Amino acid sequence: MRTPSDPPGSAAALGRRAFLIGAATTGVLAACGSDGGDDGGGSAASGDGLAPDTYTVVQRFPQSVAVPGEVRLPFSLAGTDAQFVVDGPSTLGAQVLDADSAPLGPRIEAVRRDVAPAPYYAFRPVVEAPGVYTLVIDGGPPTGAAFQVFASDEVAVPHPGQQLAAFDTPTVGDARGVDPICTRDPACPFHAITLTEALELDRGVVYLVGTPAFCQTGSCTPALEATIEVSEEYADRFAFVHAEVFTDGTATTVAPAVDAVEMTYEPAVFITDATGAIVERLDGLWDATELRERLDAVG
């Protein structure tokens with residue numbers, strides 16, 4: 001999928017396989033150092049002894065898929081040695097700035113969520129208009145980390161407010177040309193029914209697209225395990241379905257399920273209400289606690 005602002009040679013203009021490898025692993029690193037000052041917050045080092053001049057912030061979300069509304073922006077911390085920080089502060093504060101460097105909305109906070117390969121902080125600012133914005137994290141440089149919000153009709157990946165289209169995903173009974181239908185060992189329990197069948201039930205749907213065996217970010221397996229962890233708790237309210245990214249063990253041909261949602265990154269989980277309307281989409285990584293929060297929020 002390309003948006004009008006994607007130039008030739010950009011990540012979204014690359015081939016399918018290349019982008020699945022590249023887009024999800026690309027991180028925007030912003031040095032957090034004393035040159036930018038603390039911005040008055042100081043929470044980046046609160047309680048955990050992590051000095052502001054010893055880490056960078058690493059983008060953990062894909063580009064070109066954010067639309068107006070509540071925007072999820074997960075970041076991790078990395079040291080100056082480029083290794084992920086696993087014992088960062090319990091909470092980070094931040095401020096969104098518009099294109100004129102003016103504050104947009106109130107200050108926001110994100111809690112640390114511990115998941116492999118590194119903890120993350122998922123900020124959720126509300127951004128009502130398309131454009132380029134900056135997230136300035138406490139303890140970081142005043143330049144912050146840029147992110148872009150696109151008009152809804154410029155983003156092909158289904159997003160909140162839209163209906164999740166039915167699709168006959170591979171199942172234990174009918175692999176539909178995909179082998180294996182699940183690269184987890186043992187296979188996950190989310191292949192009993194198709195996405196089409198799940199959407200016909202009188203409940204919400206949790207639809208995960210990702211490949212544990214061939215994930216380029218290391219986050220597909222933790223994401224799937226987190227989803228399995230919560231599935232029994234929510235089985236009376238949600239049907240759970242998983243689709244692999246590739247058609248076979250060579251990991252060279254993208255599966256039809258990926259094309260159906262026009263994804264160019266992995267993993268993602270789509271959460272719908274009982275009508276099939278998407279109420280949440282988590283991209284890149286998530287843990288069981290965040291997933292529970294989003295499932296609890298579904299009416």
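Our next topic: the pairing of strand β2 (residues 55-59). Within β2, 5 of the 5 residues are buried, which leaves the element mostly enclosed by the surrounding structure. Here β2 shows a buried face lined by Y55, V57 and Q59 and a second buried face lined by T56 and V58. Alignment of β2 against strand β4 (residues 73-79), held across 5 bridges, turns out to be antiparallel. Bridged to T56 within β4 is A78.

For the coordinates displayed, the defined rule picks out 1 disulfide. Covalent S-S linkage joins C215 and C220, the inter-sulfur distance amounting to 2.3 Å. Torsion about the S-S bond of the C215 and C220 cystine: about 65°, corresponding to right-handed handedness. Comparing C215 with C220, the two get one shared label, buried. No disulfide involves C182; its sulfur sits 3.7 Å from that of C188, the nearest cysteine.

Quick look at the environment of G177 now. Tracing the chain through its elements places G177 in the loop between β10 (145-149) and α2 (195-199). The class of G177 is exposed, set by a relative accessible area of 67%.

The next point concerns the nonpolar core. Ranked by size, the top nonpolar core spans 27 residues in total, and within it V157, Y207, V209, M263 and F270 carry the most contacts. Looking at this core, the elements that each hand over two or more residues are α2, β11 (204-209), β12 (238-243), α4 (256-260) and β13 (268-272).

In terms of burial, β12 is a largely internal element, 6 of the 6 residues being buried. Residue alternation in β12 divides its side chains into two sets, F238, F240 and H242 and A239, V241 and A243, and both sets are buried. Bridge analysis of β11 against β12 gives 6 bridges, and the strand direction is parallel. Across the sheet, the residue bridging to L208 is H242, located in β12.

Every α-helix carries 3.6 residues per turn, so stepping three or four residues along brings you back to the same face. Restricting attention to buried positions, one finds in helix α5 (residues 288-296) the residues A288, E290, L291, R294 and L295. Take α5 and look down its axis: the buried residues cluster within an arc of 160°, on one side only.

Over its 12 residues, helix α3 (residues 220-231) extends 16 Å from the first C-alpha to the last, a length consistent with the 16 Å expected when each residue adds 1.5 Å. Burial within α3 is extensive, with 9 of its 12 residues counted as buried. Where α3 is concerned, the buried positions are C220, P222, A223, L224, A226, T227, I228, V230 and S231. Next to the buried residues of α3 lie β11, β12 and α5.

Counted according to the given criterion, the structure contains 6 aromatic pairs. Ring centres of Y133 and F147 lie 5.8 Å apart, and the angle between their planes is 25°; this geometry places the pair in the stacked category. Of the two residues, Y133 is situated in strand β9 (residues 131-137) and F147 in strand β10; the sequence distance between them amounts to 14 residues. Each member of the pair, Y133 together with F147, is buried. Between the aromatic rings of F214 and F246, the centroid separation amounts to 6.3 Å while the plane-to-plane angle is 80°, which identifies the pairing as edge-to-face.

An order of β12-β11-β13-β14 is seen for the 4 strands of this open sheet, with the pairing classed as mixed. Two strands lie at the open edges of the sheet, namely β12 and β14 (278-283), each paired on one side alone. Neighbour to neighbour, the strand axes of the sheet diverge by 15° on average, direction disregarded. With respect to the sheet, α5 is in contact with β11, β12, β13 and β14, its orientation differing from that of β14 by roughly 170°.

Mapped onto the secondary structure, E280 falls in strand β14. At 2.9 Å, the side chain of E280 and the side chain of R294 are in polar contact. When neighbours within four sequence positions are excluded, E280 is seen to be in contact with R124, P160, V269, F270, I271 and R294.

Rules and cut-offs
- Residues numbered from 1 in each chain as written.
- Predicted model: local features only at pLDDT ≥ 70, side-chain atom pairs only at ≥ 80, totals over all residues.
- Heavy atoms only, no water.
- Buried < 20%, exposed > 50% of the residue type's maximum accessible area, 1.4 Å probe, protein only.
- Helix = DSSP H or I, 4+ residues; strand = E, 2+ residues; numbered from the N terminus.
- Pairing = 2+ DSSP bridges.
- Disulfide = S-S within 2.5 Å.
- Core = buried A, V, L, I, M, F, W, Y, C linked by side-chain atoms within 4.5 Å.
- Arc of directions from axis to C-beta.
- Expected span 1.5 Å × (residues − 1).
- Contact = heavy atoms within 4.5 Å.
- Phe/Tyr/Trp six-rings, centres within 6.5 Å; stacked < 30°, edge-to-face > 60°.
- Axes fitted to C-alpha atoms, helices over the stretch in contact; angles between N-to-C directions.
- Polar contact = N/O pair within 3.5 Å; in protein donor to acceptor, adjacent residues only side chain to side chain.

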